[in-house]
Every structure is written in structure tokens, then in C-alpha cells.
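Letter by letter, the chains look like this.
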Amino acid sequence: MAETENATKEKLDFSTLEERLAELNAMAFMRAERECRMAADPAPDITYSSAFRAKLAAEAMGVPQAEINTLPINEYASVVSRVLNFLLKPLAETVIQQEN
């Protein structure tokens, strides 16, 4: 019996996603944004585009974006949400500090 591609593909380990995102620079952000805009992504603020966040996650994990896009929906939503949280965390911390 032949094994399916999904069964043979090694499961991605996202436990270090935030640390890997922290290793990216502004060029990775701009490259992902440019790719999304060239694909006519309509998000007014690119940070809220799930395609953009999937591109960043793929680059951080060192895998093709297709590996992120083909995750089960609950895992995909978790990954792109973690990327958004990572991107917005410094802003949230600044706002909290200003309130104190």
C-alpha cells in the first residue's frame, strides 16, 4: 500500500516560531508585502492579511509557503495568529507602558 504524501511529510514543529520570526529582518517583511501586493491582496494594512502572515511564517520556518497553506485549518489559523501577535506585541507593550 502506497503511503500518502501527507503521511510521509514530516510534521512542522512550530514551537520556535516566534524565535525564528525574531531572526527575520525588515527585508523579509517588505518582500512578503510586495509578493502579496503583486498578487492583489486587498488588505489595507498588510499585517492583517493571512497570506502575508503565512509568507512570513514560511520564511521563518524555512519552508515553501505551500507547506503553511496546506496545514489543517485550525493549525493554519493558529500559526497566522501567532505571527500577528508577534508583529503587534511591541506596539501593545508601548501602549501599556504609556498607560502606567
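Scoring rules and cut-offs
Residues numbered from 1 in each chain as written. Predicted model: local features only at pLDDT ≥ 70, side-chain atom pairs only at ≥ 80, totals over all residues. Heavy atoms only, no water. Helix = DSSP H or I, 4+ residues; strand = E, 2+ residues; numbered from the N terminus. Buried < 20%, exposed > 50% of the residue type's maximum accessible area, 1.4 Å probe, protein only. Phe/Tyr/Trp six-rings, centres within 6.5 Å; stacked < 30°, edge-to-face > 60°. Lys, Arg positive; Asp, Glu negative; His and termini not counted. Salt bridge = Lys/Arg side-chain N within 4 Å of Asp/Glu carboxyl O. Contact = heavy atoms within 4.5 Å. Core = buried A, V, L, I, M, F, W, Y, C linked by side-chain atoms within 4.5 Å. Expected span 1.5 Å × (residues − 1). Polar contact = N/O pair within 3.5 Å; in protein donor to acceptor, adjacent residues only side chain to side chain.

**Let's talk about unusual backbone geometry**
At Ala 40, a position not held by glycine, the phi torsion is positive, near 65°. Along the chain, Ala 40 turns up in the loop between α3 (26–38) and α4 (50–61). Assessed through its relative accessible area of 61%, Ala 40 is described here as exposed.

**Considering the packing of aromatic side chains**
Within this structure, the stated rule accounts for one aromatic pair. Measuring from ring centre to ring centre gives 4.9 Å for Phe 29 and Phe 52, while their planes differ by 70°; the resulting arrangement is edge-to-face. Remark: Phe 52 occurs in helix α4 and Phe 29 occurs in helix α3; sequence separation between them is 23 residues.

**Observations regarding the side chain of Asp 41**
Within the secondary structure layout, Asp 41 lies in the loop between α3 and α4. At 4.6 Å, Arg 37 is the nearest oppositely charged side chain to Asp 41, a buried residue that forms no salt bridge. If we ignore the near neighbours within four places in the chain, the residues touching Asp 41 are Cys 36, Ile 46, Ser 49 and Ala 51.

**Regarding the nonpolar core**
Core analysis: the biggest nonpolar cluster contains 21 residues, and Phe 14, Leu 17 and Ile 68 have the highest contact counts within it. Of all the elements in the fold, those that place two or more residues in this core are α2 (17–22), α3, α4 and α6 (73–99). Per element, the largest residue contribution to this core is seven residues, and it comes from α4. Ignoring anything within four residues of it in the chain, the contact list for Leu 17 reads Ala 57, Ala 60, Met 61, Val 79, Arg 82 and Val 83.

**A word on α4**
In an α-helix, one turn spans 3.6 residues; hence positions three or four apart end up facing the same way. Compared with an ideal rise of 1.5 Å per residue, which puts 12 residues at 16 Å, α4 spans 16 Å between its outermost C-alpha atoms and is within 8% of the ideal. Buried residues dominate α4, accounting for nine of its 12 residues. What α4 keeps buried is the set Phe 52, Arg 53, Ala 54, Lys 55, Leu 56, Ala 57, Ala 58, Ala 60 and Met 61. Buried residues in α4 make contact with α2, α3, α5 (65–69) and α6. N-capping of α4 is provided by Ser 49, with a side-chain oxygen placed 3.3 Å from the backbone N of Ala 51.

**Structural notes on the environment of Thr 47**
The residue Thr 47 is located in the loop between α3 and α4 in this model. Each C-alpha atom, one on Thr 47 and one on Leu 84, is 6.8 Å from the other, the two residues being 37 residues apart in sequence. Not counting chain neighbours up to four residues away, the residues in contact with Thr 47 comprise Phe 52, Arg 53, Leu 84 and Leu 87. Within the local environment of Thr 47, its side chain forms a polar contact with the side chain of Asp 45, the two groups lying 2.4 Å apart.

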